[in-house]
Amino acid sequence: MKRIIIILLVALIASSLSSFGPASADSPRYLHITEMTMEPQGPHASFTVEYELDFIARLYVLFLGSGNIEPAINDLFYDFDDIKIISIKENQARVLAYNVGYQDDDIGGVFFYDSYVLGAKVDTFIVFPGSKNPERLYNVASTPNVFMRLDE
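Everything in this summary refers to the structure shown in the same document. (Residues numbered from 1 in each chain as written. Predicted model: local features only at pLDDT ≥ 70, side-chain atom pairs only at ≥ 80, totals over all residues. Heavy atoms only, no water.)

Topic: the overall build of the protein
Consideration 1: Within the protein, the regular secondary structure consists of 3 helices and 9 strands.
Consideration 2: The secondary structure elements of the protein, listed N-terminal to C-terminal, are α-β-β-α-α-β-β-β-β-β-β-β.
Consideration 3: The proportion of buried residues among the 152 residues of the protein is 36%.
Consideration 4: Sequence-distant contacts, at least 24 apart, represent 56% of the contacts inside the protein between residues at least 6 apart.
Consideration 5: As displayed, the protein offers around 8,800 Å² of accessible surface, 54% of which is attributable to carbon and sulfur atoms. (Helix = DSSP H or I, 4+ residues; strand = E, 2+ residues; numbered from the N terminus. Buried < 20%, exposed > 50% of the residue type's maximum accessible area, 1.4 Å probe, protein only. Contact = heavy atoms within 4.5 Å. Areas by Shrake-Rupley, 256 points an atom, 1.4 Å probe, with all protein chains shown as cover.)

Given below as C-alpha cells:
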C-alpha cells in the first residue's frame, strides 16, 4: 500500500515538473500571481509577490519545501540584472532588486525607476504601498515607469 502511495506521489510530482516552463508573459500553469507590491528604497526596490499554487504544486511544496518555487520566482524577475530572493513561503515571496533606480543630478532628491518586463502577468501591481496614494495597476506584465522624491 505504501508503495502505491509513493508511486502516485512521484507521478504527481513528475507531472507538475512538466508544467515548469521558461519565462514569458504568461504565468506558469502551476503558479498564479495575484498581487505584487514594489517599495522603492533609493536605487533599490523591495518586492512582495503574493501567489496561489495549484494542487499539484502545493503537494510538491509540502513534500519538498517552498525553496523549489525559487526558479519560478527567478523567472518572474528575468529582466532584472541583480536580484536576491529574501524569503519564499507557501503563498508569498520577498525579493530585493538592486540598482533598478537612478538619481538625476540635475533634479536632487528624485529617483527614477524604469519599467522592467515581468516573466508572468500580475493581477494587481501596487507601487508605493505605504504612501498616502499607492498606485494600483491591474493585469500587468511589466513594472511601471515611476519616480519618487526621497522626502516622500
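Having seen the structure, we can now continue with the description.
What to know about the packing of aromatic side chains
Consideration 1: A full pass over the atoms with the stated rule returns 7 aromatic pairs.
Consideration 2: When the ring of F80 is compared with that of Y116, the centres are 4.3 Å apart and the planes differ by 15 degrees; the resulting orientation is stacked. Residue F80 is located in the loop between α3 (70–76) and β3 (83–88), and its partner Y116 is located in the loop between β6 (110–113) and β7 (117–127); the two are separated by 36 residues in the primary sequence.
Consideration 3: According to the relative accessible area criterion, F80 is buried, its value standing at 7%.
Consideration 4: Aromatic side chains F112 and F147 sit 6.3 Å apart centroid to centroid with 40 degrees between the ring planes, which places their arrangement in the tilted category. Of this pair, F112 sits in strand β6 while F147 sits in strand β9 (residues 146–149), and the two are 35 residues apart along the sequence.
Consideration 5: A relative accessible area of 22% places F112 in the partly exposed class.
Consideration 6: A relative accessible area of 53% places F147 in the exposed class.
Consideration 7: One aromatic cluster is present, formed by F47, F77, F80 and Y116 through successive ring pairs. (Phe/Tyr/Trp six-rings, centres within 6.5 Å; stacked < 30°, edge-to-face > 60°.)

Observations regarding the environment of Y113
Consideration 1: Here Y113 shows up in strand β6.
Consideration 2: A sequence separation of 11 residues divides Y113 from Y102, and the C-alpha atoms of the two residues are 6.7 Å apart.
Consideration 3: Setting aside anything within four residues of it in sequence, one finds Y113 in contact with M38, P40, Q41, G42, H44, V100, G101, P144, N145, V146 and M148.
Consideration 4: At a separation of 2.3 Å, a polar atom in the side chain of Y113 contacts the main-chain carbonyl oxygen of G42. (Polar contact = N/O pair within 3.5 Å; in protein donor to acceptor, adjacent residues only side chain to side chain.)

Points about the sheet that holds β6
Two pairing modes exist for strands in a sheet, parallel and antiparallel, and in both the strands are linked by backbone hydrogen bonds.
Consideration 1: Within the open sheet, the 3 strands sit side by side as β5-β6-β9. Their pairing is antiparallel. Sheet topology places β5 (101–103) and β9 at the edges, where each strand pairs with a single neighbour. Taking the axes of each pair of neighbouring strands and ignoring which way they run, one obtains an average angle of 25 degrees across the sheet.
Consideration 2: Judged from the 3 bridges that link them, β5 and β6 form a sheet pairing that is antiparallel. Following the sheet pairing, G101 is matched in β6 by Y113. (Pairing = 2+ DSSP bridges. Axes fitted to C-alpha atoms, helices over the stretch in contact; angles between N-to-C directions.)

Examining the nonpolar core
Consideration 1: Grouped together as the largest cluster of nonpolar side chains are 36 residues, with contacts concentrated most on M36, F47, Y51, I73, F77 and F125.
Consideration 2: Those residues in contact with I73 that lie beyond four places of it in its chain are Y51, I85, I88, A93 and V95. (Core = buried A, V, L, I, M, F, W, Y, C linked by side-chain atoms within 4.5 Å.)

Here's the deal with a nonpolar patch on the surface
Consideration 1: Judged by side-chain polarity, L62, F63 and L64 come together as a nonpolar surface patch covering roughly 340 Å² of accessible area.
Consideration 2: One can find L62 in helix α2 (residues 55–64).
Consideration 3: With a relative accessible area of 64%, L62 lands in the exposed category. (Patch = residues over 30% accessible without salt bridge, like charges linked within 9 Å, V, L, I, M, F, W, Y side chains within 5 Å. Salt bridge = Lys/Arg side-chain N within 4 Å of Asp/Glu carboxyl O.)

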